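Spelled out, the chains give:
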There are 2 protein chains.
Amino acid sequence: MVVEIISVGTEILLGNIVNTNAAYLSEKCAGLGFSCYYQDVVGDNEERLCETIRTALSRADILLLSGGLGPTQDDLTKETAAKVLGKSLKLHEESKAAIREFFEKRGIEPTDNNWKQAMVPEGCIVLANPNGTAPGIIMEDNGKHVVLMPGPPNEMIPMFEASVMPYLSKLQSCVIFSQTVKICGVGESKAETMVRDLIDSQSNPTIATYAKTGEVHLRVTARAEDEKAARKLVKPVVKELKGRFGSHVYTTDDEVTLEKSVVDLLLANSLTISTVESCTGGLLAARLINVPGVSEVFKSGYITYSNKAKRRLLGIKKNTLLKYGAVSEEIASQMAKGAAMVSKADVVVSITGIAGPDGGSQEKPVGLVYIGCNVCGRMKVKKCHFSGDRSKVRENTVSSALSLMRECILEYYSEVTFGGKEK
Amino acid sequence: MVVEIISVGTEILLGNIVNTNAAYLSEKCAGLGFSCYYQDVVGDNEERLCETIRTALSRADILLLSGGLGPTQDDLTKETAAKVLGKSLKLHEESKAAIREFFEKRGIEPTDNNWKQAMVPEGCIVLANPNGTAPGIIMEDNGKHVVLMPGPPNEMIPMFEASVMPYLSKLQSCVIFSQTVKICGVGESKAETMVRDLIDSQSNPTIATYAKTGEVHLRVTARAEDEKAARKLVKPVVKELKGRFGSHVYTTDDEVTLEKSVVDLLLANSLTISTVESCTGGLLAARLINVPGVSEVFKSGYITYSNKAKRRLLGIKKNTLLKYGAVSEEIASQMAKGAAMVSKADVVVSITGIAGPDGGSQEKPVGLVYIGCNVCGRMKVKKCHFSGDRSKVRENTVSSALSLMRECILEYYSEVTFGGKEK
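Source: prediction; values computed, not measured.

What counts and how
Residues numbered from 1 in each chain as written. Chains lettered and ligands numbered in written order. Predicted model: local features only at pLDDT ≥ 70, side-chain atom pairs only at ≥ 80, totals over all residues. Heavy atoms only, no water. Least-squares fit on C-alpha atoms with pLDDT ≥ 70 in both. Contact = heavy atoms within 4.5 Å. Buried < 20%, exposed > 50% of the residue type's maximum accessible area, 1.4 Å probe, protein only. Helix = DSSP H or I, 4+ residues; strand = E, 2+ residues; numbered from the N terminus. 1 Å grid on protein atoms, 1.4 Å probe; cavity = no way out; pocket = protein on both sides within 12 Å on 5 of 7 lines; lining within 4 Å. Points joined across faces, edges and corners; volume = space filled by probe spheres on them. Nonpolar A, V, L, I, M, F, W, Y, C, P; charged D, E, K, R; others polar. Buried area = accessible area lost by both parts, 1.4 Å probe. Salt bridge = Lys/Arg side-chain N within 4 Å of Asp/Glu carboxyl O. Polar contact = N/O pair within 3.5 Å; in protein donor to acceptor, adjacent residues only side chain to side chain. Pairing = 2+ DSSP bridges.

Asker: Before we go on, may I ask you to explain the relation of the copies chain A and chain B in this structure?
Answerer: Both copies of the chain are related by one operation, a rotation about an axis with a shift along it. Overlaying chain A with chain B gives an RMSD of 0.4 Å, the required rotation being 180 degrees about an axis along which the chain moves by 0.3 Å. Seen this way, the second copy is the image of the first under a two-fold rotation axis. In terms of proximity to the rotation axis, the leading residue of chain A is A:G282, whose C-alpha is 2.0 Å off the axis. Residue by residue, 100% of the interface of chain A is reproduced at the interface of chain B, so both copies engage with the same surface.

Pasting the structure below:
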C-alpha cells in the first residue's frame, strides 16, 4: 500500500519550523512496509489544501495529515478533508467532555472556539489526544484511509504510537519486523564496504545503513506473514553482522543509545565516572547525564576551558602547559589523571581540542582533539581530527569519547581476565 | 512572485534525514518577500519527479530544487528538469576542470561517472560549488526560473548564499528589509498580547512573532523600493518594540544569540564566570563555551549531579542537603556560593532541578528547577516549573539561566550606580 504524508501549516512554509513530523511519519511507514512516494507541505488555505488532498487521494491509499486541527479560524484541515470526502461534521460528546476535562485540570476557562475541536466528520474513528485538545480522526472512503493528527510533535507522536500505528498495522497483509545493529568506532564508508555483499545479495531481509554522528546503524528489515516468521528471517543476518563487527556493535536494541550503553557498562561493573572537558565545555557530561539512572555512577564533571582552570582544578603545572600546549597528548593524559585524583572516580575521560573557528595553526589545526581515558589507572589517549564547524567538531568529539570509553572499559576487563587478575 | 520548494531524495521519503533544506530555503524566500505555497518531497524517480516539476511550473514562478545532482545512476534531477523544459545536456568545460581540481586536491582518482556532473542543460547559468563536485544550475524558460542545487546542506547553503540569493534578489522589484528584536524573560503569549495591536494595525512593515526555547523573536519586515526606504519604515517600529519590552530586549542583531549577549555583557564589564550544574549536567557551560571569545571570562564549570559531588566540590553540608533536599532554594544558593568561593569568579550560576522522567514527587514534581545567580556577592534564586520531557526541561532551564544572568548583571550595575557605589 502507498502512503502520502501531508503537513499542513503556514509556519512550515515560512521556514519558522523544521518539518520533523514528516521524517518521523516516513520512518514509521517505512518500518511498517508501506511505500511513500511524496511528502507535501501546504499552508492553512482551503483551496490549496483541497487540491493537495485530492491529488494525494489519486495516487496513494493512505493519507497521513498533521497540523491545522487547532481551535482558531485558521485551522481548517478537518473541515477541508471532510468536505473533500463529502462528510458533514457532528458534535462528538466524548471529545467535548475530554476538552472540558483538559481545561479543568489546568484551571483554565475554555473559550468558545475550543468547542469547534469536538466536531468530527460523520462515521469517522475518533482518536484520543491525552496531550492536547484536538482529537485525531480517521476517515475511510472507497478503500482510502485519511488520518488527521494534531501538528505539535508532543501530541502527534503519542497519538501515532497509541492509535494510528495499530490501525495501520492491520492494513498490512504481511508483517514487517526490523532490528538495528548499532556500531561505533567504524567509519561510515568502511562499514558500508564491510556489508556491501550482504546488501547486494538479499532482498528479504533488506539491510539499510544509516550514518549518525560517530556511529553507523544497520537496520535489518524482513517481511513475512507473521512476526515469528519475520524474526526468524532477521536473526541470522543480525548474527552475521555481529560477527563481522565484533565488539564495535554496542547494541541491537532500538531504545539503547551509545551513552546509555556506556552507562550500562559502568553500572554492570560498578565503575564510577568523572569527566573533564575543555573544548566540548560540558557536552560529554550533558549526554551522559541525559541517561536516567546515571546518578549511581557519575561522580563529578569539570569544565576546564582556560589554562588557569586546568592548573587550579587539576594541578597541571604551568611549565607542562607551556611545553606541550593545552591541546596535546600530554595534557589530555594529565587532565584525566588530575581529575581521577581529585574525584576518585574509576573511569575518567578528558577532552582537549581546537573546535574553531579560531585558535588553529599549521601544526595544530582546527578540528584537532585529544581524548584521554583512564580506567582504573590504565590510560589511553586518542588523537582525532574532525572536520566541520565548531558545533560539528564538538558533537563528533563527544561521540568519539563515548566510543573510546566503551573500548577502554572492555579492554581493561579483557586484559585483567586474560592476565589472571580479577579486579 | 511565487516560489515552490522541491526536495529530491528517497532518503527523505524513508525518514532517514530531516528535510532541513526546505526550512532553510523557505525562511530565506520569506525574507526576500516571495510567497511560498507548497513544499514537495519526491524520490529519485523520473516519472514522479517529472510530474512534480510540471505541477510546480503550473503554479509557481520560481522552482528551488535540491538533491539528486550526485554522480550515480540514481541521481536524475538535472536530466529530468532539462527534459521537462526541453533542453539537451552539453559538457561544461569549467565544471569539468573544477571537478578534476576537487579530486586532485584530495588525492583521489575520479571515477567515470563523476564526469556526468560536468554536463549541464544548454543555455543555463552554472553556479560554482566550492564544497563538492556538483555545480548548481539555473534554467530560465517562459518567465519561469528553475534552480537546481546539491542536496547536502554544507554544499547547498554556501551555494545559495553566494549565487542563488543574489540572483533571486534581482527578480524582486522591491527590496525587503527585516530586523529582529530578540526578547528573553517574557513568555510567548504575553509577548504576543503586548504587540497584538501593532500586528493587527500595520501591513508594511509586518511584525511576526517566533517562539524559541525561553525566548521570543519579533521580526519586523518592510518592503520598499530601495533598502534605505525599507530601513526607514522598520526603524520606528523597532524603537516602539524596544520601548515596550525595555531591558527584556537583549539584541536587535540577527547574529547575536542569547548566550553571546551574556558573554558580551561579561566581557564589557570584565566579569569572570563559573557555572555549577546538577540536572543540566553541563549544558549551560556548553552553550556559553560555544561562543567564540568566551575564554576571556569563563573560569570553570562544575557538574555536581550527585549529592556527594555537591558536598565534596562545593563544601555543602550533609545536614543542609538532608534538611532542604538537593532541589531547593537553599541548595541552589549554597551551590552558587560554594562555586564562587572555589573558583573566585565574579558571576556564578547554579542549577538544581528534577528533569525527570523519575525523581518527582507531589511536593517537588518533575520540571521543578531552582536557578541561582550570584553577581559579586549579590544572590538571586529563581524557582521555575517547566513542562515537557527530560530534554525539554533541560533546554528550558539553560535558556532561563541565561536570562537570569543577564537580568542579575544589569540589576547589579543599576543598583551600584543608583546607590552611588562603583565596583
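Asker: How do you make sense of the pairing of strand β15 (residues 347–353) of chain A when you look at a structure like this?
Answerer: Burial within β15(A) is extensive, with seven of its seven residues counted as buried. Residues A:V347, A:V349, A:I351 and A:G353 line one face of β15(A) and the alternating positions A:V348, A:S350 and A:T352 line the opposite face, and both faces are buried.

Asker: What exactly am I supposed to notice about empty space enclosed by the protein here?
Answerer: A probe as big as a water molecule, rolled over the atoms, marks out the empty space that is left. The final tally for this structure, using the stated rule, is two cavities of 30 Å³ or more. Taken as a whole, the largest cavity spans an internal volume of roughly 60 Å³. For the largest cavity, the full set of lining residues is A:S7, A:N19, A:A22, A:Q39, A:D40, A:V41, B:N19, B:A22, B:Q39, B:D40 and B:V41. Of all the elements in the fold, those that place two or more residues in the lining of the largest cavity are β2 (35–42) of chain A together with β2 (35–42) of chain B. For the lining of the largest cavity, the per-class residue count stands at four nonpolar, five polar and two charged. Empty space within the second largest cavity amounts to approximately 30 Å³.

Asker: What should I look at first to understand the interface of chain A and chain B in this one?
Answerer: Think of interface size as the accessible area that goes away when the parts come together; that is how it is often given. At the interface, 58 residues of chain A touch 58 residues of chain B. Buried surface at the junction of chain A and chain B, summed over both partners, amounts to about 4,600 Å²; 54% is from carbon and sulfur atoms. The interface formed by chain A and chain B includes two salt bridges. Where chain A touches chain B, the interface holds 24 residue pairs in polar contact (both at pLDDT 80 or more). Per element, the largest residue contribution to the side of chain A that touches chain B is seven residues, and it comes from β2(A). For the side of chain A that touches chain B, the per-class residue count stands at 29 nonpolar, 19 polar and 10 charged. Note that β2(A) and β2(B) share five bridges and pair antiparallel.

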